[in-house]
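Results of the structural survey
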Amino acid sequence: MTKLAIQAPPVVTLPIASSEEMFPVRRVYCIGRNYAAHALEMGHDPDREPPFFFQKNPNNLDTTGEFPYPPKTSDVHYEIEMAVALKTGGHNIAVADALNHVFGYALSLDMTRRDLQGEQKKAGRPWEIGKAFERSAPIGPIHTVESVGHLDSGRVELKVNDEVKQEGDLNQMIWKVPEMISYLSDYFEMAAGDVILSGTPSGVGPIVKGDVMQVSVEGLGSMRIPVV
Ligand code: MN
């Protein structure tokens, strides 16, 4: 048996809707600019260029139902996204086979320190300090494929204090879920426990302490997340 020199970090697990079981997380991939209107609002050409990805850390996922305003920023933005959880993986997964690897889907947020991300973009540096901070990815329970099927359309909506800020439809994704899985698998060994955040529609913007974010994706329910 392996003798650990320090205490082992805990395995990050996510709740599964209507189940006692938990979903263990291995990696978190996030796609950038996957809705044309959001690419435009960020100053980019929405044409179908190859997708690009960044990662968050498994323990950035947060299921507490609250978002603590993070340090070292004065411009934190919400981005509502659908999370895709994998039950199996592999290399060079064909688009036609990709959905067979999906365990389920969840409602999630890719919270972003936009000011820090902007500085990093300008300097041509990686985005970690803008994206992969503590509790930067609030996420709801995973809904299994058995219970909700595969979601390729459905309304996506984020409100702040009851005002609609983001709205779109899953069918507006530039890169669809099977394409994202296939593309990632050409570059990485995908595996059980991987989670993919599938991009945000337009309308991103800042929140402040005291705001309440209300997010919903048709088929995945809704969440109410106060900023504390
Ligand atoms: Mn995002």
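To start, this report covers the structure provided alongside it. Since we're looking at a predicted model, the values are computed, not measured.

Rules used throughout
- By convention here, each chain's residues receive numbers from 1 onward along its written sequence.
- In keeping with the predicted nature of the model, local features appear solely for residues at pLDDT of at least 70, side-chain atom pairs appear and are counted solely at 80 or more, and the whole-chain, interface and lining totals rest on all residues.
- Side-chain numbers here rest on the full set of heavy atoms in the structure, without hydrogens or water.
- For Na, K and Ca the donor cut-off is 3.2 Å, and for all other metals it is 2.8 Å, counting N, O and S atoms only; because water is absent from this set, sites may look incomplete.
- Throughout, exposure labels follow a simple rule: accessible area from a 1.4 Å probe, protein chains only, divided by the maximum for the residue type, with under 20% read as buried, over 50% as exposed, and the rest as partly exposed.
- Salt bridges, as used here, are contacts in which a Lys or Arg side-chain nitrogen is within 4 Å of a carboxyl oxygen on Asp or Glu.
- Working definition: helices are DSSP H or I runs of at least four residues, strands are E runs of at least two. Numbering for both runs from the N terminus.
- Contacts described as polar in this section are N or O atom pairs within 3.5 Å, which, within protein, must combine one atom able to donate a hydrogen with one able to accept it, while residues neighboring in sequence count only if both atoms come from side chains.
- Contacts are residue-level and defined by heavy atoms, with any inter-residue pair within 4.5 Å sufficient.
- Following DSSP output, two strands are said to pair if at least two bridges run between them.
- The arc in question is the one spanned by the directions pointing from the helix axis to the C-beta atoms.

Another point: the coordination of the manganese ion. Donor atoms from the polypeptide that bind the manganese ion are Glu-79 (OE), Glu-81 (OE) and Asp-110 (OD), placed at 2.1 Å. Glu-79 sits in the buried class, given a relative accessible area of 4%. On the basis of relative accessibility, which here comes to 1%, the residue Glu-81 falls in the buried class.

Under the defined criterion, the tally for this structure stands at nine salt bridges. Among the charged side chains, a network of salt bridges with common partners joins Lys-56, Glu-79, Asp-110, Arg-114 and Lys-131.

Of note, Lys-56 is situated in strand S4 (residues 53–56). Of note is the side chain of Lys-56, whose polar atom sits 3.1 Å from the backbone oxygen of Ser-136. Those residues within four positions of Lys-56 in sequence are excluded, and the remaining contacts are Val-28, Cys-30, Asp-110, Met-111, Lys-131, Ala-132, Ser-136 and Ala-137.

All right, on to the pairing of strand S16 (residues 212–217) then. Note: strand S12 (residues 155–160) against S16, five bridges, orientation antiparallel. Across the sheet, residue Val-156 finds its bridge partner in S16, namely Val-217. In terms of strand pairing, S16 meets strand S17 (residues 221–226) through six bridges, oriented antiparallel. Its bridge partner lying in S17, Val-215 is registered against Met-223. If you look at the hairpin formed by S16 and S17, you'll find three residues sitting between the two strands, and Gly-219 has a positive phi there, around 100 degrees.

This next bit is on helix H3 (residues 114–123). Taken residue by residue, H3 has Arg-114, Leu-116, Gln-117 and Gln-120 as its buried positions. The buried residues of H3 all sit within an arc of 160 degrees when viewed along its axis, so they share a single face. Elements that come into contact with the buried residues of H3 comprise strand S6 (76–78), strand S9 (112–113) and helix H4 (128–131). Positioned one or two residues after H3, Gly-124 has a phi angle of 70 degrees, which is positive.

It is worth spelling out the sheet that holds S9 at this point. Taken in spatial order, the three strands line up as S9-S6-S15 in an open sheet, and their pairing is antiparallel. Each edge of the open sheet carries a strand with a single partner, namely S9 and strand S15 (205–206).

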